[in-house]
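Chain by chain, the residues:
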Amino acid sequence: MHVKKGDKVQIISGQDKGHVGEVLKAYPKENKVVVEGANVRVKHQRATQMGEESGRIEKECPIDASKVLLYSEELKKGVRTSKVLEDGRKIRVSHKTNEKFD
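Residues numbered from 1 in each chain as written. Predicted model: local features only at pLDDT ≥ 70, side-chain atom pairs only at ≥ 80, totals over all residues. Heavy atoms only, no water.

Going by what an unreviewed UniProt entry lists, the chain is known as Large ribosomal subunit protein uL24 and is assigned to Anaerococcus octavius. Listed under Subunit (unreviewed entry) in UniProt, the entry text for the chain is "Part of the 50S ribosomal subunit." (UniProt positions renumbered as here; feature names shortened; annotations may be inferred.)

A. Expanded view of the nonpolar core. Counting residues in each nonpolar core, the largest one holds 13 residues, and the members touching the most others are Val3, Val9, Val33, Val35, Ile63 and Val68. Of all the secondary-structure elements, those providing two or more residues to this core are strand 1 (8-11), strand 3 (32-35) and strand 7 (68-72). Setting aside its immediate chain neighbours within four residues, Val9 contacts Val3, His19, Val20, Gly21, Val23, Val35, Val68, Leu69, Leu70 and Tyr71. (Core = buried A, V, L, I, M, F, W, Y, C linked by side-chain atoms within 4.5 Å. Buried < 20%, exposed > 50% of the residue type's maximum accessible area, 1.4 Å probe, protein only. Helix = DSSP H or I, 4+ residues; strand = E, 2+ residues; numbered from the N terminus. Contact = heavy atoms within 4.5 Å.)

B. Examining the pattern of salt bridges more closely. Summed over all chains, the structure comprises four salt bridges. One salt bridge connects Asp7 with Arg92, and the closest N-O pair in it is separated by 2.7 Å. You can see Asp7 sitting in the segment before strand 1 and its partner Arg92 sitting in strand 10 (residues 89-94), a full 85 residues away along the chain. Taking relative accessible area as the criterion, Asp7 reaches 10% and is therefore assigned buried. We classify Arg92 as buried; its relative accessible area is 5%. Residues participating in the shared-partner salt-bridge network are Lys8, Glu73 and Lys76. (Salt bridge = Lys/Arg side-chain N within 4 Å of Asp/Glu carboxyl O.)

C. Seen up close, the pairing of strand 10. When strand 9 (residues 81-86) meets strand 10, the two strands line up antiparallel, connected through six bridges. Looking at the pairing, Leu85 lines up with Lys90 of strand 10. Hairpin connection from strand 9 to strand 10: two residues lie between these consecutive antiparallel strands, with Asp87 at a positive phi of about 55°. (Pairing = 2+ DSSP bridges.)

D. Molecular detail of the UniProt feature "domain: KOW" (unreviewed entry) in the chain. Under the UniProt annotation, "domain: KOW" (unreviewed entry) lies at residues 2-29. Helix makes up 0% of residues 2-29 and strand makes up 43%, while its end C-alpha atoms are separated by 13 Å.

E. Spatial organisation of the sheet that holds strand 7. A sheet is described by the order of its strands in space; here six strands give the open sequence 6-3-2-1-7-8, paired in antiparallel fashion. Strands with a single pairing partner mark the edges of an open sheet, and in this sheet they are strand 6 (63-64) and strand 8 (77-79). Pairing between strand 1 and strand 7: three bridges, direction antiparallel. The residue bridging Ile11 from the neighbouring strand is Val68, located in strand 7.

F. Molecular detail of the pairing of strand 3. Examined bridge by bridge, strand 2 (residues 20-27) and strand 3 share four bridges and lie antiparallel to one another. The partner of Tyr27 across the bridge, within strand 3, is Lys32. The turn linking strand 2 back onto strand 3 is made up of four residues, and Asn31 within it adopts a positive phi angle of 60°. The pairing of strand 3 with strand 6 spans two bridges and is antiparallel. If you follow Val33 over to strand 6, its bridge partner there is Ile63.

As structure tokens, this is what we get:
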């Protein structure tokens, strides 16, 4: 998968198109990511025990990883990346600016 937890990404399609946020969780087997502030769903929940949270609970749901691009601070937009071998490790590099993300 081309993104991982902690990366800053931009959503390129769907209802949150253009949104920039941090990846909170990554699910490589399902090829999905949870982006901060994107794909927010509301769940109406009743407290089943004393002290438990109730009411309208908002949470971010996973979206497909193919709908996000790594965000370049240089260009102020999402950029495509490729992996380059450097010092025995794979490093993600932007196609346009050669900016390194690892």
